[in-house]
2 protein chains.
Amino acid sequence: MSENEDAVPPAARAEVADAVRTALAKHGYARLTTAKIAAESEKSEAGLYYYYDTKDEMIGAFLDVAADRYASEFEAAAAGDPEARLRAVCDSLFVDREDEDASGVNVAVMELLSHAPYNETLRDPLETLERNALDRIADIVADGVDQGTFREVDPEGVAALLLAAGNGSTGFYLALGLDDAGAALHDQVDAYVDWLVAADSA
Amino acid sequence: MSENEDAVPPAARAEVADAVRTALAKHGYARLTTAKIAAESEKSEAGLYYYYDTKDEMIGAFLDVAADRYASEFEAAAAGDPEARLRAVCDSLFVDREDEDASGVNVAVMELLSHAPYNETLRDPLETLERNALDRIADIVADGVDQGTFREVDPEGVAALLLAAGNGSTGFYLALGLDDAGAALHDQVDAYVDWLVAADSA
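Just so it is clear, the structure is predicted and the values come from calculations on it, not from any experiment.

Peer 1: Please clarify how the packing of aromatic side chains should be interpreted in this entry.
Peer 2: We describe a pair of aromatic rings using the distance from one ring centre to the other and the angle between the two ring planes. Counted according to the given criterion, the structure contains 6 aromatic pairs over all chains. The cationic tip of Arg31(A) hangs over the ring face of Tyr118(B); the distance from NZ or CZ to the ring centre is 3.8 Å.

Quick look at the structure:
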């Protein structure tokens, strides 16, 4: 983030985040330039640099907005049925390869994650994004266990397993296009959730 | 691969593969140069280029050797007990972050996977690597199901779930260092394998 991230007006931050998302989905991180971000935005390159000092800070804005959106979607659904909420989360974690936009974003986020050990500007917002995802899935599972509709599992463990499997599907399925393995994975995740919610037979 | 990959003598291929592996673990893909590969090898840069035309072909040699090794390790264990084989596979899929070398390699392979949609030279050997992993895990699960010691699961589905979860642990655990989530994931995978092999209570 620039000197004071709160100084970026929310509308400008959202616009930059949207442009970064579209550009990342098309080009990935290694080929991303601020010119390509500007091409997806109403703003010029100079307009982008008015708010953010570097390309990685613009990417940080995209990750922050994604993390915020994730958190607020979960909050909006907090009163719902845990099974329905968990299945909705799985739908968003396990992207269909035919959804080219979401596939491109997930492949780019995988690339960003691979830079995290070397890049502090990316590491912090990536950590928030992943932490938010884990916490929210664990909340849902904990609710299901408390209500007796889920088996007595470890909510943090199930959250980590589902997030890892969702993120990991990006490599062999979304990036390499092993469609048979992607289909087998999606069925297996459904079966896992079926097992999880079959608390009566536990 | 260069014009004719069979033309590279096995010892030279293995030496290049080893040097690429070490250099990737240290530097990742974006910062990798042939000078850095040569620094991990007895060979000079010119010596590397004698066998391979590009850096990506050297990386391809590393991926091919990894895929071959994976396949031959599985073959060596093919007569063993399916449960022991599956637990051994999980040990290799779910790397401990304290193993810095293996962590570095896995983060680099995640980065390579993110380039697969854009890079044909990397895509083919990555596909072989992932396909070998999936096939071998599915073989083990199928053996366990056939022998009646595993539940009646879909071997391809379980293989895809375990490989996805292993690969996906690279992001939030190995690259970002969320150790609590990594530990919870490892426990959950153990619990999943416990469930899988509890065929008697199925």
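Peer 1: Would you explain the interface of chain A and chain B in this entry?
Peer 2: One frequent convention defines the size of an interface as the accessible area lost when the parts assemble. Taken together, the contact pairs 47 residues of chain A with 47 residues of chain B. At the boundary of chain A with chain B, total buried surface from both sides reaches about 3600 Å², with 71% on carbon and sulfur atoms. Its largest share of buried area at the contact with chain B, chain A owes to Tyr118(A), Leu176(A) and Gln188(A), together 17% of the area lost on that side. Between Asp180(B) and Arg131(A) there is a salt bridge, with the nearest N and O atoms lying 3.0 Å from each other. The interface formed by chain A and chain B contains 6 residue pairs in polar contact (both at pLDDT 80 or more). It is helix H8 (residues 155-175) of chain A that provides the largest number of residues to the side of chain A that touches chain B, a total of 14 residues.

Peer 1: I'm lost on a negative patch on the surface in this one. Help?
Peer 2: A cluster of acidic residues, Asp91(A), Asp187(A), Asp190(A), Asp135(B), Asp139(B), Asp154(B) and Glu156(B), forms a negative patch at the surface. Its place among the elements puts Asp190(A) in helix H9 (residues 179-197). Judged by relative accessible area, Asp190(A) falls into the partly exposed class, the value being 41%.

Peer 1: Where do I start with the nonpolar core in this structure?
Peer 2: When a protein is soluble and globular, its nonpolar side chains tend to lie buried together. Ranked by internal contacts, the top residues of the largest apolar core, which has 144 residues, are Ile137(A) and Ile137(B). Those residues in contact with Ile137(B) that sit more than four places away from it in its chain are Phe74(B), Leu86(B), Val89(B), Leu93(B), Ala159(B), Leu162(B) and Leu163(B).

Peer 1: Sorry if this is basic, but what is going on with the relation of the copies chain A and chain B here?
Peer 2: Between the two copies of this chain, the relationship is a rotation about some axis together with a displacement along it. For these two chains of identical sequence, chain A goes onto chain B by a turn of 180° and a shift of 0.0 Å along the axis, with RMSD 0.0 Å. Each copy turns onto its partner about a two-fold axis. By residue overlap, the copies meet face to face through one surface: 100% of the interface positions of chain A are interface positions in chain B.

Peer 1: For this particular structure, what's the right way to read the packing of H8(A) against H9(A)?
Peer 2: Any two packed helices are characterised by how steeply their axes cross, that is the angle between the axes, and by the distance between the axes. All names here are of chain A. Running from amino to carboxyl end, H8 crosses H9 at an angle of 170°, the nearest separation of the two axes being 10 Å. Between H8 and H9, the crossing angle belongs to the class labelled roughly antiparallel. Packed against H8, whose contacting residues are Val158, Leu161, Leu162, Ala165, Ser169, Phe172 and Tyr173, the element H9 presents Asp179, Ala181, Gly182, Leu185, His186, Val189, Tyr192 and Leu196 at the interface. When the residues that make up the contact of H8 with H9 are grouped by side-chain class, the tally is 11 nonpolar, 3 polar and 1 charged.

Peer 1: I'm lost on helix H7 (residues 120-146) of chain B in this one. Help?
Peer 2: An α-helix turns once per 3.6 residues; consequently, residues spaced three or four apart project the same way. Between its first and last C-alpha atoms H7(B) spans 38 Å; for 27 residues at 1.5 Å apiece the expected length is 39 Å, and the two agree. Its side-chain oxygen 3.1 Å from the backbone nitrogen of Thr121(B), Asn119(B) forms the N-cap of H7(B).

Peer 1: Where do I start with the environment of Asp194(A) in this structure?
Peer 2: Note that Asp194(A) resides in helix H9. C-alpha of Asp194(A) to C-alpha of Val107(A): the two residues are 87 residues apart in sequence and 28 Å apart in space.

Peer 1: Would you mind showing me how to read the packing of helix H5 (residues 82-93) of chain B against helix H8 (residues 155-175) of chain B here?
Peer 2: Residues and elements named next belong to chain B. Between H5 and H8, whose axes approach to 9 Å, the crossing angle comes to 25°. When the axis of H5 is compared with that of H8, the two are roughly parallel. Residues Leu86, Cys90 and Leu93 of H5 form the contact with H8, whose participating residues are Leu162, Leu163 and Gly166. For the contact of H5 with H8, the residue count by class is 5 nonpolar, 1 polar and no charged.

Peer 1: Just to check I follow, could you spell out the environment of Gly60(A) for this structure?
Peer 2: Residue and element names in this part refer to chain A. Position of Gly60 among the secondary structure elements: in helix H4 (residues 55-76). Classification of Gly60 by relative accessible area gives buried; the value is 2%. Distance from Gly60 to Ala88, taken between C-alpha atoms, is 26 Å for residues 28 residues apart in sequence.

Peer 1: Looking at this structure, how should I read the pattern of salt bridges?
Peer 2: Once the charged atoms of two side chains with opposite charge are near each other, the side chains can pair. All names here are of chain B. Applying the stated criterion across every chain yields a total of 19 salt bridges over all chains. Its salt-bridge partner being Arg21, residue Asp101 comes within 2.6 Å of it at the nearest N-O pair. Linking Asp101 in helix H6 (residues 100-115) with Arg21 in helix H1 (residues 10-27), this pair joins segments that are 80 residues apart in sequence. For Arg21, a relative accessible area of 25% corresponds to the partly exposed category. The salt bridge involving Arg87 is made with Glu83; its shortest N-O contact spans 3.0 Å.

Calculation notes
- Residues numbered from 1 in each chain as written.
- Chains lettered and ligands numbered in written order.
- Predicted model: local features only at pLDDT ≥ 70, side-chain atom pairs only at ≥ 80, totals over all residues.
- Heavy atoms only, no water.
- Phe/Tyr/Trp six-rings, centres within 6.5 Å; stacked < 30°, edge-to-face > 60°.
- Lys NZ or Arg CZ within 6 Å of the ring centre and 35° of its normal.
- Contact = heavy atoms within 4.5 Å.
- Buried area = accessible area lost by both parts, 1.4 Å probe.
- Salt bridge = Lys/Arg side-chain N within 4 Å of Asp/Glu carboxyl O.
- Polar contact = N/O pair within 3.5 Å; in protein donor to acceptor, adjacent residues only side chain to side chain.
- Helix = DSSP H or I, 4+ residues; strand = E, 2+ residues; numbered from the N terminus.
- Patch = residues over 30% accessible without salt bridge, like charges linked within 9 Å, V, L, I, M, F, W, Y side chains within 5 Å.
- Areas by Shrake-Rupley, 256 points an atom, 1.4 Å probe, with all protein chains shown as cover.
- Lys, Arg positive; Asp, Glu negative; His and termini not counted.
- Charge placed at Lys NZ, Arg CZ, Asp CG, Glu CD.
- Buried < 20%, exposed > 50% of the residue type's maximum accessible area, 1.4 Å probe, protein only.
- Core = buried A, V, L, I, M, F, W, Y, C linked by side-chain atoms within 4.5 Å.
- Least-squares fit on C-alpha atoms with pLDDT ≥ 70 in both.
- Axes fitted to C-alpha atoms, helices over the stretch in contact; angles between N-to-C directions.
- Parallel < 35°, antiparallel > 145°, perpendicular 65-115°, else oblique.
- Nonpolar A, V, L, I, M, F, W, Y, C, P; charged D, E, K, R; others polar.
- Expected span 1.5 Å × (residues − 1).

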